[in-house]
Structures are given as C-alpha cells and as structure tokens.
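The residues making up each chain are set out below.
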Amino acid sequence: MLVLGIESSCDETGVALVEAGEGGLPRLAAHALHSQIAMHQAYGGVVPELASRDHIRRVLPLAQAVLDEAGRGLADVDVVAYTRGPGLAGALLVGAGVACALAAALGKPVLGVHHLEGHLLSPFLSADPPEFPFVALLVSGGHTQLMRVDDVGRYDLLGETIDDAAGEAFDKSAKLMGLPYPGGPWLAKLAESGDPAAFKLPRPLLHSGDLDFSFAGLKTAVLTQARKLGGELEARKADLAASTQAAIVDVLLKKSLRAIEESGLKRLVVAGGVGANQALRTQLNAACAQRGVRVHYPELHLCTDNGAMIAMAGAMRLQAGVQEATERYAFDVKPRWPLASLGEPEPQFG
Ligand code: KG4
Ligand code: ZN
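Residues numbered from 1 in each chain as written. Chains lettered and ligands numbered in written order. Predicted model: local features only at pLDDT ≥ 70, side-chain atom pairs only at ≥ 80, totals over all residues. Heavy atoms only, no water.

**Side note on the packing of helix H8 (residues 233-263) against helix H9 (residues 278-290)**
Argument step 1. One way to put it is that H8 packs onto H9 with a least axis distance of 10 Å and a crossing angle of 35 degrees. Regarding H8 and H9, the two cross each other, and that crossing is right-handed. Counting all contacts with H8, which are made through Gln245, Val249, Leu252, Leu253, Ser256, Leu257 and Ile260, the residues of H9 involved are Ala279, Leu280, Gln283, Leu284, Ala287 and Cys288.
Argument step 2. Grouping the amino acids of the contact of H8 with H9 by side-chain chemistry returns 10 nonpolar, 3 polar and no charged. (Axes fitted to C-alpha atoms, helices over the stretch in contact; angles between N-to-C directions. Helix = DSSP H or I, 4+ residues; strand = E, 2+ residues; numbered from the N terminus. Left-handed = near helix turned anticlockwise from the far one by under 90°. Contact = heavy atoms within 4.5 Å. Nonpolar A, V, L, I, M, F, W, Y, C, P; charged D, E, K, R; others polar.)

**Regarding the environment of alanine 330**
Argument step 1. Tracing the sequence through the fold places alanine 330 in the segment after helix H10 (308-320).
Argument step 2. For alanine 330 and glycine 97, which are 233 residues apart along the polypeptide, the C-alpha to C-alpha distance reads 9.0 Å.

**Quick word on the sheet that holds strand S9 (residues 267-271)**
For sheets, the rule is that strands pair by backbone hydrogen bonds, running either parallel or antiparallel.
Argument step 1. The sheet built from 5 strands is open, its strands ordered S8-S7-S6-S9-S10 with mixed pairing. The strands lining the two open edges of the sheet, one partner per strand, are strand S8 (154-160) and strand S10 (294-296). The mean angle between the axes of side-by-side strands here comes to 25 degrees, regardless of whether they run parallel or antiparallel.
Argument step 2. Looking at chain direction, strand S7 (residues 144-151) and S8 are connected through 6 bridges and run antiparallel. Following the sheet pairing, valine 149 is matched in S8 by tyrosine 155. (Pairing = 2+ DSSP bridges.)

**As for the coordination of the zinc ion (ligand 2)**
Argument step 1. Bound to the zinc ion (ligand 2) are the protein donor atoms His115 (NE2), His119 (NE2) and Asp305 (OD), situated 2.0 to 2.1 Å from the metal.
Argument step 2. Around the zinc ion (ligand 2), the 4 donor atoms sit at angles spanning 93 to 139 degrees, and that spread fits a shape best called irregular.
Argument step 3. Coordination of the zinc ion (ligand 2) draws on donor residues from a single chain, spaced H-x3-H-x185-D in sequence. Taken together, the residues span a long stretch of sequence, with histidine 115 in helix H4 (residues 115-121) and aspartate 305 in the loop between S10 and H10 at a distance of 190 residues.
Argument step 4. Taking relative accessible area as the criterion, histidine 115 reaches 8% and is therefore assigned buried. (Donors = N, O, S within 2.8 Å, 3.2 Å for Na, K, Ca; no water. Tetrahedral: all angles 85-135°; square planar, octahedral: opposite > 155°, others 65-115°. Buried < 20%, exposed > 50% of the residue type's maximum accessible area, 1.4 Å probe, protein only.)

**Here's the deal with the nonpolar core**
Argument step 1. By size, the foremost hydrophobic cluster in this structure holds 47 residues, and its most contacted members are Leu137, Phe215, Ile248, Leu252, Leu268, Val270 and Leu284.
Argument step 2. Of all the elements in the fold, those that place two or more residues in this core are strand S6 (134-139), helix H5 (166-176), helix H6 (183-191), helix H7 (216-229), H8, S9 and H9.
Argument step 3. With residues up to four places along the chain from it excluded, the contact list for valine 270 reads Pro123, Leu137, Val139, Gly275, Leu280, Leu284, Val295, His296, Tyr297 and Pro298.
Argument step 4. Core analysis: the next-biggest nonpolar cluster, separate from the first, contains 35 residues, Val3, Val269, Leu302 and Trp337 among them. (Core = buried A, V, L, I, M, F, W, Y, C linked by side-chain atoms within 4.5 Å.)

**Structural notes on the pairing of strand S2 (residues 12-19)**
Argument step 1. Counting buried residues in S2 gives 7 out of 8 residues, a clear majority hidden from the surface.
Argument step 2. Pairing of strand S1 (residues 2-7) with S2, which is carried by 6 bridges, proceeds in the antiparallel orientation. Bridging from a neighbouring strand, isoleucine 6 pairs with valine 15 of S2.
Argument step 3. Hairpin connection, S1 to S2: the antiparallel pair is bridged by 4 residues.
Argument step 4. Looking at chain direction, S2 and strand S3 (residues 27-35) are connected through 8 bridges and run antiparallel. Residue pairing for S3: leucine 17 is matched across the bridge by alanine 30.

**Notes on the packing of aromatic side chains**
Argument step 1. On inspection of all chains with the given rule, the structure shows 4 aromatic pairs.
Argument step 2. Pairing phenylalanine 132 with phenylalanine 134 gives two aromatic rings, centres 5.5 Å apart and planes at 15 degrees, and the pair type is stacked.
Argument step 3. Classification of phenylalanine 134 by relative accessible area gives buried; the value is 0%.
Argument step 4. Summarising the aromatic geometry, the rings of phenylalanine 213 and phenylalanine 215 are spaced 6.2 Å apart at their centres and angled 15 degrees between planes, so their arrangement reads as stacked. (Phe/Tyr/Trp six-rings, centres within 6.5 Å; stacked < 30°, edge-to-face > 60°.)

In structure tokens:
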C-alpha cells in the first residue's frame, strides 16, 4: 500500500510517499519539503495569507518530485493522507483541497491526519524505532504536551502548557535578542558560546506537582533582563541565550522525568521541532540512561514539520485499523483539534 502524505499546516509544504506492507513498520519511499522560512523572515513571523499562497505554488511540483524520486506514478498511489489540523485554516485548506482533488481524480480514498499525531509517530521512521507503550514529550512551535501513548490512536494527555509553547518560548526570547525567525535554532546556536548559569531565570511550574508547563513568565523575565542590560546586551547575548535555553530545557527535562516516574514506563519519545535541540537531547539522554529509560527521537531532519510524518501517521492508522480512508471528498479542516479527542466519534458530513 502506497500512501501519499501532504503537510501544509504552517510554513512548510511537505510531501512524502510511505510504503506499508502486511506486517512490519511502513517505510519511507521518498519525501520533499519546501520551507517558507526565508519568505516570512522579513515579517518576523508567519504571515498566514502568504503561507497559503505559497503552499498552492509548491504542493504539486513537490508531489511530482517525490513520485519521480520513488520511481512511481500517480496511478501507484493507494491512499492520499493530508494534515487536517491543527494549524492555520487557510494553509490547511490548501493541503486538504489538493489531497481530496487528487484522490477524487484518481478514484482513491483520502485520510485526514492530526498534525501532532504525525510528530508523535515520526520516530517510527527512524533507524531506532520505539515500541508501545511510551511517554511522549511533544514540543513544537504551537504545542507542549506530555502524553501517555499505548498504541496508535490511544493518546492520554498527562500535562500541557497553560500559555506559551516551548518553541514559542525559544522564538519569542530570540526575537527579544534580535535574532531572525524562527529563533529556536538561532538561540540554540548562540547558546553554545554562552554561560547557562550567567543569569538566573525562572523555571515556571517546576515544582507545581503536576505535569503542566508555563513559559509566558520566562519570556517576560528575558525581556526584563535584556532591558536591564541595555547597551551591554550585545556583549552578553550569548550568556542570555544560554541561560534562556537552560531554563526551558530544565523544565522540559524535569517534567518528562516526572511523567516517566509516575507512569512507570521505561520509554520516552521526543517529537516536534524543539526535539531538534541538542542541549535538550544531551540532558534527556544522560538522565534517562541513569534510570534505564530508552529515549527515541525522529531523525533530525524530520523533527520539524514534514510530509513524511503525515504519510507515516496515515499508514500506521490504516495498518492498525483505527481509521478507514474514505471516498467522501467533501473535506473540512480543524485549525483547533485536541489530540486526545482523536478516538471520539465525530459528526459525519458530505
Ligand atoms: O514542529 P515544528 O516544526 O512546527 C510546529 O508544529 O509548531 O516546530 C517549530 C518550532 C519553532 O518554534 C522552532 O524555533 C523550534 O521548533 N526549533 C527549535 C530548534 N529547531 C526548531 N528550538 C530549539 N532548538 C532547536 N534546535
Ligand atoms: Zn509541527
């Protein structure tokens, strides 16, 4: 079974082909990505209307590139999977519209996939795939959640951010330091030459006794510190970056360890764009090794948004029998869509 996956929820257009056999994990046949980061950089963040228009321009050429790379034709595609939400409504509509039009023209079924489930299952494409059950730390630009994952489609929310996401904390702090968008990778790079103990920044909710997060206060603390430094900011920027990263990583680490301890599970999966952060990986690896806990990540280039994770999530859902692809081509998108609600029935239409 050949699954074509299309991702267009935010500022990357991703298309991929995943091959699923009878048994074993589906395998990535080809994937292609166009990042809009350079286009949005001039505005310091994603401009939704520009994002939608660019997805329109990119998605079909990327699909052709992926088919060429895999040596397959459109007629070989068995199912078309697309990101149904959460994300920017207009951007999602492009992927959903193209996926459903393509599937209708081919007479093949479609499958709407949850973007976060894509992130969550992306480590199954790595050379060291996890096994169920596991604790998942989902850290992206829009979400920060700890989940208990028992199987495909069985996700229990253990805790989440009550305000900003971890990626937002990176991005907003980076913006305050004058770094380009998205600031996460830039701040991480700058932090390499800084002292993580230079500034005392808050670790919100670290001792709250639950598995929730809060990052809005950290951003304010970074702003206050930057203002205090005034003309000295430029010279101390690496120290401020390192201290900010240390605060974010510290909270993510401690809460993940708490979730592992409370669940009694011996496996952790880290997914989403912030999962690319090297400081986070180093600290999680060390702490988990001490506790006999295995940690799994997606391949580095599949941490941020991509089509491979959508094709993979679609293929795994079909394989597990938790969702059927349909030939109803009237589509909707879900800009807001809690992952834990995936198992619940929803109204049928079209
Ligand atoms: O998962 P993703 O591509 O998009 C969403 O679904 O939100 O995550 C993007 C986020 C951005 O906030 C970006 O700054 C952050 O991931 N990010 C990083 C790193 N690479 C990407 N944050 C910290 N360190 C990194 N190396
Ligand atoms: Zn994402």
